[in-house]
Amino acid sequence: MRGEAIRRLGLSYEQVRRVRPSIVYGNLCGFGRGGPYTDLPAYDDVIQAASGLAMLQSKLQRGEPAYLATAIADKSAA
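What comes next concerns the included structure. (Residues numbered from 1 in each chain as written. Predicted model: local features only at pLDDT ≥ 70, side-chain atom pairs only at ≥ 80, totals over all residues. Heavy atoms only, no water.)

Looking at the packing of aromatic side chains
(1) Moving on: All chains considered together, the criterion is met by two aromatic pairs.
(2) Moving on: With a centroid separation of 5.5 Å and an interplanar angle of 70°, the aromatic rings of Tyr-13 and Tyr-25 are classed as edge-to-face. Pair noted here: Tyr-13 is in helix α2 (residues 13–19) and Tyr-25 is in the loop between α2 and α3 (44–51), with a separation of twelve residues, a long-range link.
(3) Moving on: You can call Tyr-13 partly exposed: its relative accessible area is 34%.
(4) Moving on: What makes Tyr-25 partly exposed here is its relative accessible area of 31%.
(5) Moving on: Consider the rings of Phe-31 and Tyr-37, whose centres lie 5.7 Å apart with planes at 55°: the pair is tilted.
(6) Moving on: With a relative accessible area of 48%, Tyr-37 lands in the partly exposed category. (Phe/Tyr/Trp six-rings, centres within 6.5 Å; stacked < 30°, edge-to-face > 60°. Helix = DSSP H or I, 4+ residues; strand = E, 2+ residues; numbered from the N terminus. Buried < 20%, exposed > 50% of the residue type's maximum accessible area, 1.4 Å probe, protein only.)

What follows is the structure in structure tokens.
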């Protein structure tokens, strides 16, 4: 979940800890915690495009970028 969405929903670590001080809190973000892409969504199609995987697939098939027919980035990251 993107940092901005977490804050907007009141689910940041600080906000949750006020309700449950013993919370074990984990959060992953697709593009890291700093930099220009921090608050961009990072779902499978975005990661395939950003990593060049869609372009690689195009070279194997029809010459234009194409996504793999499976959620490969989601499955790899999970």
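Notes on the pattern of salt bridges
As a working rule, side chains carrying opposite charge can pair if their charged atoms are close by.
(1) Moving on: For the coordinates displayed, the defined rule picks out two salt bridges.
(2) Moving on: The salt bridge partner of Glu-4 is Arg-7, with a shortest N-O separation of 3.7 Å. Taken together, the residues span about one helical turn, with Glu-4 and Arg-7 both in helix α1 (residues 3–8) at a distance of three residues.
(3) Moving on: Of the charged contacts, one joins Arg-7 and Asp-39 as a salt bridge, the two residues approaching to 4.0 Å between their closest N and O atoms. Separated by 32 residues along the polypeptide, Arg-7 in helix α1 and Asp-39 in the loop between α2 and α3 bring together distant segments of the chain. (Salt bridge = Lys/Arg side-chain N within 4 Å of Asp/Glu carboxyl O.)

So yeah, pure geometry; function would need other evidence.
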